[in-house]
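Below are the chains, spelled out letter by letter.
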Amino acid sequence: MTATPYVARQPDERGFIHYSEAEHAVWQTLIERQLALLEGRACAEYLDGIQRLGLPRERIPQLDEINRVLESATGWRVARVPALIPFQTFFELLADRQFPVATFIRRPEELDYLQEPDIFHELFGHCPMLTNPWFAAFTHTYGRLGLAASREERVYLARLYWMTVEFGLVDTSAGRRIYGGGILSSPRETLYCLSAAPEHLPFDPLEAMRTPYRIDILQPLYFVLPDLRRLFELAREDIMALVHEAMRLGLHPPKFPPKAA
């Protein structure tokens, strides 16, 4: 983990988290801008989830509002966490069907890109997909596997998560669409990922685990599911056997330059 200048907000004695008008304004700018971009680009399951959650535009929602919908849809909840959490805590939460949410929002000067996941990224990018049973089942399985994995195994699992939950695309009858939360909460990545600029490959979990990535650039490569059910099917496969095969074969050469020191 690296240091962050952001500090998660604590709830008051009634469990209510207070935000300033400026912070609510950031949320409104982010959500209105992104909703306009996602029509015709996000998958139907995500758009259905957005509708079910009923995210307000003019204010940051309270976590209890999200929990009422998620619990009814798939039995999931969101859990308030600090800005950065260890892998162990992350896997423990997912294994318990809880999705971590850091209760801070980015500053106006970091509107377009933030390295740390803030409340907009988590609630807008990820929570709509957690209303989908297939996606929720895969995320739960991923958490359980990560909890039991070794440190080296977790590194390979992290690549699978990055190429699916964060930056996954899916083919649909209406065309190629976005389901990864890292894309869905990013205006630049939303437009870029469906263009001809990056490489698109059919989803292969073994190849995804062997593909290096950087968190601070637009992705040079996206894996494309044939349909969202593929994630549910993957949750029923021997993912750890694939992890061990990826470890045996090693990583592919990166498709990006090394990060400047």
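Refer to the preceding data block for the structure.
Residues numbered from 1 in each chain as written. Predicted model: local features only at pLDDT ≥ 70, side-chain atom pairs only at ≥ 80, totals over all residues. Heavy atoms only, no water.

Colleague: Whenever I open this one, the sheet that holds strand E5 (residues 199-202) confuses me. Can you help?
Modeller: Within a beta sheet, neighbouring strands are joined by backbone hydrogen bonds and run either parallel or antiparallel to one another. The four strands lie next to each other as E4-E3-E6-E5, forming an open sheet whose pairing is mixed. This sheet does not close on itself; its edge strands, each paired only once, are strand E4 (175-178) and E5. Ignoring strand direction, the axes of neighbouring strands in this sheet form an average angle of 35°. When strand E3 (residues 169-172) meets strand E6 (residues 221-225), the two strands line up parallel, connected through two bridges. Pairing of Leu 169 across the sheet is with Val 224, part of E6. (Pairing = 2+ DSSP bridges. Helix = DSSP H or I, 4+ residues; strand = E, 2+ residues; numbered from the N terminus. Axes fitted to C-alpha atoms, helices over the stretch in contact; angles between N-to-C directions.)

Colleague: Please explain the layout of surface pockets as it appears in this structure.
Modeller: Rolled over the atoms, a probe with the dimensions of a water molecule shows which regions are left empty. Taken as a whole, the largest pocket spans an internal volume of roughly 1400 Å³. Lining the largest pocket we find 41 residues, and of these Gln 115, Pro 117, Trp 162, Glu 166 and Ile 215 sit closest to its centre. Listed by contribution, the elements that provide at least two residues to the lining of the largest pocket are helix H4 (87-95), strand E2 (98-102), helix H5 (119-126), helix H7 (151-166) and helix H9 (187-193). Among the elements that take part in the lining of the largest pocket, H7 stands out by supplying four residues, more than any other. Here the lining of the largest pocket is built from residues that sort into 25 nonpolar, eight polar and eight charged. (1 Å grid on protein atoms, 1.4 Å probe; cavity = no way out; pocket = protein on both sides within 12 Å on 5 of 7 lines; lining within 4 Å. Points joined across faces, edges and corners; volume = space filled by probe spheres on them. Nonpolar A, V, L, I, M, F, W, Y, C, P; charged D, E, K, R; others polar.)

Colleague: Which parts of the structure should I look at to understand the packing of aromatic side chains?
Modeller: Aromatic ring pairs: the centre-centre distance and the angle between the two ring planes describe each pair. The full count for this structure, using the stated rule, is 14 aromatic pairs. Between Tyr 46 and Phe 124, the ring centres sit 5.9 Å apart and the planes meet at 75°, which makes this aromatic pair edge-to-face. Remark: Phe 124 occurs in helix H5 and Tyr 46 occurs in helix H2 (residues 44-53); sequence separation between them is 78 residues. Residue classification places Tyr 46 among the buried residues on the basis of a relative accessible area of 0%. Judged by centre distance (6.5 Å) and plane angle (75°), the rings of Phe 135 and Tyr 179 are edge-to-face. Of this pair, Phe 135 sits in helix H6 (residues 133-148) while Tyr 179 sits in the loop between E4 and helix H8 (181-184), and the two are 44 residues apart along the sequence. Relative accessible area serves as the criterion here: at 1%, Tyr 179 is assigned to the buried category. An aromatic cluster is present here, built from Phe 87, Phe 90, Phe 91, Phe 138, Tyr 142 and Tyr 161 joined pairwise through their rings. Sitting over the ring of Tyr 6, Arg 107 keeps its end group 4.8 Å from the ring centre. In this structure, Arg 159 is placed above the aromatic ring of Tyr 156, and the distance from its NZ or CZ to the ring centre is 4.7 Å. (Phe/Tyr/Trp six-rings, centres within 6.5 Å; stacked < 30°, edge-to-face > 60°. Buried < 20%, exposed > 50% of the residue type's maximum accessible area, 1.4 Å probe, protein only. Lys NZ or Arg CZ within 6 Å of the ring centre and 35° of its normal.)

Colleague: In this structure, what is going on with the side chain of Glu 116? I would like to understand it.
Modeller: Within the element layout of this structure, Glu 116 appears in the loop between E2 and H5. The side chain of Glu 116 is buried and forms no salt bridge, while Arg 107, the nearest opposite charge, is found at 7.8 Å. Leave out the neighbours within four places in its chain, and Glu 116 touches Thr 4, Pro 5, Tyr 6, Leu 84 and Phe 104. (Lys, Arg positive; Asp, Glu negative; His and termini not counted. Salt bridge = Lys/Arg side-chain N within 4 Å of Asp/Glu carboxyl O. Contact = heavy atoms within 4.5 Å.)

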